[in-house]
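Architecture at a glance
Spelled out from the first residue to the last, the chains are:
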Amino acid sequence: MQAEDIELRVLGSDRKFLESIVLGAMKTYYVKMATKVAVYVPNSGWPNVWTISAYRTPRSLDSVLLDEGIAERIIGDVQKFSVSESWYNQLAFLIEEDTCCMDLPEPARHPSCWLWLDI
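These figures come from a predicted structure and were not determined experimentally.

Each value, and the rule that gives it
Per chain, residues are indexed from 1 in the order of the written sequence. It should be noted that, the model being predicted, local features are given only for residues of pLDDT at least 70 and side-chain atom pairs only at 80 or more, the latter also being counted only at that level, while totals for whole chains, interfaces and linings use all residues. Excluded from the side-chain calculations are hydrogens and water; all other atoms, namely the structure's heavy atoms, are used. Secondary structure follows DSSP: runs of H or I at least 4 residues long count as helices, runs of E at least 2 residues long count as strands, and numbering of each begins at the N terminus. Here, Shrake-Rupley sampling with a 1.4 Å probe gives the accessible areas, and only protein chains in the shown set may cover a residue. Classification of ring pairs rests on two measures: the distance between centres of Phe, Tyr or Trp rings, Trp counted by its six-membered ring, which must be within 6.5 Å, and the angle between planes, read as stacked under 30 degrees, edge-to-face over 60 and tilted in between. Each residue gets one of three labels from its accessible area relative to the maximum for its type: buried under 20%, exposed over 50%, partly exposed in between, using a 1.4 Å probe on protein chains only. What a helix should span is 1.5 Å times the count of its residues minus one. By the convention used here, residues are in contact when the closest approach between their heavy atoms is within 4.5 Å. Per-residue confidence from the predictor is reported as pLDDT, a score between 0 and 100.

1. Side note on the overall build of the protein chain
Tallying secondary structure elements over the protein chain gives four helices and two strands in all. Starting at the N terminus and ending at the C terminus, the protein chain contains elements arranged as α-β-β-α-α-α. Within the structure as shown, the protein chain displays about 11200 Å² of accessible surface, and the carbon and sulfur contribution to it stands at 60%.

2. Observations regarding the packing of aromatic side chains
Tallied over the entire structure, the rule returns one aromatic pair. Judged by centre distance (5.4 Å) and plane angle (70°), the ring pair of Tyr29 and Tyr30 falls under edge-to-face. The exposure class assigned to Tyr29 is partly exposed, which follows from its relative accessible area of 36%.

3. Details of helix H2 (residues 70–82)
Compared with an ideal rise of 1.5 Å per residue, which puts 13 residues at 18 Å, H2 spans 18 Å between its outermost C-alpha atoms and is within 8% of the ideal. Along H2, only one of the 13 residues are buried, which leaves the element largely exposed.

4. Details of the environment of Met33
Inspection of the secondary structure assignment puts Met33 in helix H1 (residues 16–33). For the pair formed by Met33 and Arg56, sequence separation is 23 residues and the distance between their alpha carbons is 9.4 Å.

5. Remarks on the environment of Leu66
Note that Leu66 resides in the loop between strand S2 (50–56) and H2. Classification of Leu66 by relative accessible area gives partly exposed; the value is 40%. For Leu66, the contacting residues outside a window of four places in its chain are Ala71 and Ile74.

6. Overview of the confidence of the model for the protein chain
Put simply, the protein chain has an average pLDDT of 76, and 74% of its residues get 70 or more. The low-confidence segment residues 107–119 (pLDDT under 50) makes 18 contacts with residues lying over four places distant or belonging to another chain.

If you want it as structure tokens, here you go:
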């Protein structure tokens, strides 16, 4: 999906009409997208960045052919992932901090030194 820009101008002092059109379009879009599943692909231009490739209508789990027990394992993994947000946020913070410290000497890269370095 390619992003597009649009520029709208209003001649006059009251822009409520234009705002209502834009807000109505946004509301319609978000209602439509709430029933879709986003399919992400790796972005070739940026490492560790994912881009939405397409939107698909969700399928019933019964319509997917999987070996015995696979569906339950996938559902369990997704549920575990969704309740682990704070762990992933902390991990991302540590990775970002470590990346920022790459030009520091090896002992200073250790997390126990980060407070001392005021990073």
